[in-house]
Amino acid sequence: MVRRRIIALLAAMGIAAGGLAACGSEDPTDYITANGSEPQNPLLPGMTNETGGGRVIELLYSGLVSYDPQGKPYNEVAESIESEDGKHYTIRLKQTSFADGTPVKAQNFVRAWNYVVEHSQTLEYAFQGIEGYEEGIAELPGVQVVDDYTFTVALKEVQRDFPTQLGYQAYFPLPDSAFADMEAFGQNPVGNGPYRMNKWTHYDSITLIPNEHYQGARQVHNDGVKFLFYASLDAAYADLLANNLDVLDAVPDSAFATREEELEGRSVNQPAAIFQGFAIPERLDHFAGEEGALRRRAISLAINREQVTDLIFEGTRTPATDFTSPTIPGHADNLPGAEVLEYNPEEAKRLWAQADALSPWTGEFTIGYNADGGHRAWVEAVTNQLRNALGIEALGKSYPDFKSLRDDVGHRTTSGAFRAGWQGDTPLLSDFLVATFSTTGGSNDTDYSNAEVDRQIALGKASDTMEEANEHYNLAQVQLLKDLPTIPLWYSNTVGGYSENVSDVVFTWTSLPALEKVRRIES
C-alpha cells in the first residue's frame, strides 16, 4: 500500500482497525479505498435495499441493462429487449460469464427471479407486474426460458418503461452454485460484474478485486476496491484529508463550509437522485385518522426547509417540492398541495390546536436517525423548529449505525418517526413511488395504503408514453401531499471528495462513485 490507515487516529475515533491486515503482508493489493457501512443482509441482490450492501452489489453484478454516470440506460448483459405491444418481451443475452467462469444463461436470470419471489425477499415487489405473479409462488408463469440465451417475460399490463427497469438489482442473475446454499453464498457471492468478492470482514470492511471473466462496458482501471466501515462521517472525512481514504461520497455537515478549501479542488457538489424526509407510521399514537392528518400537516408547515438547507447544509441540499428528485425526467415543482411543504408556523399552530381538540397531545415527538450517517445536525435543527412552532417536546433518537435503525424499522419497533429517504435505482419517477408508497411496496416502511395512489401508479405503468405515465405518477403525488406518510424535507446533492492519490473520480446520477473508473496516481 502507498498509504496506511493511522491506527492511533482510528482508535481515538472509535473505529475498528482490524481490517488493516488485508492491506499488509497478507494482502498486498493496492486497493482503492472508499467509505461504506456494514450491509444489513447477506449480499444477495433480492435482499438488498440499503446503500451499505447496494454499493457492493452494484460492483459484483451486472444486469440486463446498466446506466451510465448520467443515468442513461444501455444494454449490458442483454443483446436485445424487444416487444411489439409493451406487454410481452423477448430478451436475448450476450455470451458472458460469472466470476467463477460459468456462463450467464437465461436460466440464471429466471431461476434468480423465481427465488426472490418464492422466498419473499425484500425486493419481491419488483416482480408483481409479471403475469401469474402470486406472493411466494415457486415459479413465475410469465417468465419462460426459450433457449440458453433467450427468455420471455409476459406482464399483466403494458409497461413501456420495463426495459429501463431491468437495470434494477432485483433483476440481477445468480449462478447455479448459489442455489446449493444461499445463506453461505450471500456471505461470499459470485457475480457477473466488474469485480469479484475477495473478503468480507464483518463490521470492518469488504474487499473486491477485478473479475477477470467480466467482458462488459465497465472497464476496471485499478487493482481492487476496499470499502471501509466508519462509525461516523467525521472519521471518514479525517481519513480523506490525511489521504488514508481515497473516495468519500458524503462529507459530514461539519465540513460543508470548509471542504472546498481543505480538499483543494478535489471536492464535488452536484445534483443526485436522492430524496430525504422522515416517515411517521400511522401505528403511532396521535397519527392515525383525522387527528393524524392534522398533525402531519402541522409538522410539515412548522419546518423551515430553506433555513436548514442554508445554515446546516451550506447549499448542498434543495428544499423538496415532491417525493422524487429534480434529476428524474417528469419531476414537477408545482404540484397541487405542495404548499404544505412551505414554512408557515402560524398555520401549523392552528392545525395542531385542531388536532388537540380531537385528542390532546401527550408524550414527545422523536425522529430516529443513524449516528454514522451525518444526520444529527439537521435532526436537531428540525426538532428545535417543531418545539418552537408547536410547543411540544421534540428531539432526535440516535441509533449507532444504519443497520440498527433499519432493523427497528423493518421489525416495526420504532417508537417515533424516523429518517426516510430514497436513492434512485432507475431514472424513473415510479422508482421513487412504487416501492415506498404503494400498498404492496417492498420498502413501504410505514405500511401506508391509499387506493388513489395505487390506482394512479397502476395507470402510470400502463401508459403508452412516458409523458402520460409521469402525469399519473404526479397525480399519485398529489394524494401523497394530502396524506404525508413521509414528510418531504429536501433533495441531496452528491457532496463528496477524493484524495491526492487518485484520479478519474466520477460520481454518478445516484451519488455513488464509479469506482471502476478510479485510477491510482503512481508516486
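Residues numbered from 1 in each chain as written. Predicted model: local features only at pLDDT ≥ 70, side-chain atom pairs only at ≥ 80, totals over all residues. Heavy atoms only, no water.

**Quick word on the overall build of the chain**
Looking only at helices and strands, the chain has 15 helices and 19 strands in total. Computed over C-alpha atoms, the radius of gyration of the chain comes to 23 Å, within 12% of the 24 Å expected from 2.2 N^0.38 for 523 residues, which places it in the range of a compact globule. Based on the C-alpha atoms only, the size of the chain along its principal axes is roughly 70 × 60 × 35 Å. Taking all contacts inside the chain whose residues are at least 6 apart in sequence as the whole, residues at least 24 apart take part in 69%. Here the chain displays about 20400 Å² of accessible surface, and carbon together with sulfur accounts for 47% of that area. Side chains of the chain give 39 positive and 74 negative charges; the mean places of these two sets differ by 2 Å. (Helix = DSSP H or I, 4+ residues; strand = E, 2+ residues; numbered from the N terminus. Rg over C-alpha atoms; globule rule 2.2 N^0.38 Å. Contact = heavy atoms within 4.5 Å. Areas by Shrake-Rupley, 256 points an atom, 1.4 Å probe, with all protein chains shown as cover. Lys, Arg positive; Asp, Glu negative; His and termini not counted. Charge placed at Lys NZ, Arg CZ, Asp CG, Glu CD.)

**Considering empty space enclosed by the protein**
Enumeration over the complete set of coordinates arrives at one cavity of 30 Å³ or more. Taken as a whole, the largest cavity spans an internal volume of roughly 280 Å³. Y125, A126, Q165, Y171 and V434 are, among the 19 residues lining the largest cavity, the residues nearest its centre. Elements represented by at least two residues in the lining of the largest cavity include exactly α4 (162-165) and α13 (429-437). Per-element tally for the lining of the largest cavity: the top contributor is α13, with four residues. (1 Å grid on protein atoms, 1.4 Å probe; cavity = no way out; pocket = protein on both sides within 12 Å on 5 of 7 lines; lining within 4 Å. Points joined across faces, edges and corners; volume = space filled by probe spheres on them.)

**Quick look at the domain arrangement of the chain**
What the domain assignment reports for the chain is domain 1 (61-177) and domain 2 (272-492). Using only C-alpha atoms to locate each centre, domain 1 and domain 2 end up separated by 31 Å. Approximately 1200 Å² of surface area, both sides summed, lies buried where domain 1 meets domain 2, with 58% of it carried by carbon and sulfur atoms. Counting across the interface, domain 1 meets domain 2 through one salt bridge. Between R160 and D464 there is a salt bridge, and its shortest N-O distance comes to 3.8 Å. Applying the counting rule to domain 1 against domain 2 returns two residue pairs in polar contact (both at pLDDT 80 or more). Tallied by class, residues from the side of domain 1 that touches domain 2 come to four nonpolar, six polar and three charged. (Domains from an automatic or database assignment. Buried area = accessible area lost by both parts, 1.4 Å probe. Salt bridge = Lys/Arg side-chain N within 4 Å of Asp/Glu carboxyl O. Polar contact = N/O pair within 3.5 Å; in protein donor to acceptor, adjacent residues only side chain to side chain. Nonpolar A, V, L, I, M, F, W, Y, C, P; charged D, E, K, R; others polar.)

**Points about the environment of S97**
Structurally, S97 is set in the loop between β5 (88-93) and α3 (106-118). Beyond its immediate stretch of four places on either side in the chain, S97 contacts T102, P103, V104, N192 and H213.

**Focus on the nonpolar core**
Judged by nonpolar contacts, the single largest core of 143 residues is most densely connected at W113, F127, F151, F278, I299, F365 and L390. No other element matches α3, which puts eight residues into this core. Structurally, this core is a two-domain feature, drawing no fewer than three residues from each of domain 1 (61-177) and domain 2 (272-492). Ranked by size, the runner-up nonpolar core spans six residues in total, among them A279, V409, F418 and A420. (Core = buried A, V, L, I, M, F, W, Y, C linked by side-chain atoms within 4.5 Å. Buried < 20%, exposed > 50% of the residue type's maximum accessible area, 1.4 Å probe, protein only.)

**With respect to the UniProt feature "domain: Solute-binding protein family" (unreviewed entry) in the chain**
In this numbering, the UniProt entry assigns the feature "domain: Solute-binding protein family" (unreviewed entry) to residues 72-443. Secondary structure across residues 72-443 comprises 28% helix and 21% strand; the distance between its end C-alpha atoms is 24 Å. (UniProt positions renumbered as here; feature names shortened; annotations may be inferred.)

**Re the pairing of strand β16 (residues 417-423)**
Extensive coverage of β16 is indicated by the burial of six of its seven residues. The sheet contact formed by strand β12 (residues 267-279) and β16 spans six bridges and is antiparallel. Residue A279 lies in a different strand from β16, and its bridge partner there is F418. (Pairing = 2+ DSSP bridges.)

**Concerning the pattern of salt bridges**
Summed over all chains, the structure comprises 19 salt bridges. Residue E82 is joined to R92 by a salt bridge in which the shortest nitrogen-to-oxygen separation is 3.2 Å. Taken as a pair, E82 in strand β4 (residues 78-82) and R92 in strand β5 lie far apart in primary sequence, ten residues in all. Residue classification places E82 among the partly exposed positions, given a relative accessible area of 45%. Because the salt bridges share partners, they merge into one network encompassing D30, D246 and R520.

**Points about the pairing of strand β6 (residues 143-147)**
Bridge count between β6 and strand β7 (residues 150-154): four bridges; the pairing is antiparallel. Its bridge partner being in β7, Q144 is matched across the sheet by T152. Here β6 hands over to β7 after two residues, the two strands then running antiparallel side by side.

**Description of the layout of surface pockets**
Here the second largest pocket is characterised by a volume of approximately 310 Å³. The element that contributes the greatest number of residues to the lining of the second largest pocket is helix α14 (residues 451-462), accounting for four residues. Its residues assigned to classes, the lining of the second largest pocket comprises four nonpolar, six polar and four charged. Taken domain by domain, the lining of the second largest pocket gets at least three of its residues from each of domain 1 (61-177) and domain 2 (272-492).

**What about unusual backbone geometry?**
Phi is positive for R412, which is not a glycine, with a value near 60°. By the secondary structure assignment, R412 is in the loop between α12 (402-410) and β16. Phi at L484 is positive, roughly 50°, even though this residue is not glycine.

**Concerning the confidence of the model for the chain**
Confidence along the chain averages 92 in pLDDT terms, with 95% of residues attaining 70 or more. Long-range and interchain partners of residues 1-25, a stretch whose pLDDT sits below 50, account for 53 contacts in this model, where long-range means more than four residues apart. (pLDDT = per-residue confidence, 0-100.)

**Quick notes on the sheet that holds β7**
Here we have four strands laid out as an open sheet, ordered β4-β5-β7-β6, and antiparallel in their pairing. One side of each edge strand has no neighbouring strand; the edge strands of this open sheet are β4 and β6. Sheet twist, expressed as the mean angle between neighbouring strand axes with direction ignored, is 20°. (Axes fitted to C-alpha atoms, helices over the stretch in contact; angles between N-to-C directions.)

**Here we look at the packing of aromatic side chains**
In this structure the tally under the stated criterion is 22 aromatic pairs. Ring-pair connections join several aromatic residues into one group, and the members of that group are Y89, F109, W113, Y125, F127, F151, F162, Y168 and Y171. The ring of F179 has R111 sitting right over it, with the charged end atom 4.0 Å from the ring centre. Just above the ring of W352 sits the side chain of R295; from NZ or CZ to the centre is 4.4 Å. (Phe/Tyr/Trp six-rings, centres within 6.5 Å; stacked < 30°, edge-to-face > 60°. Lys NZ or Arg CZ within 6 Å of the ring centre and 35° of its normal.)

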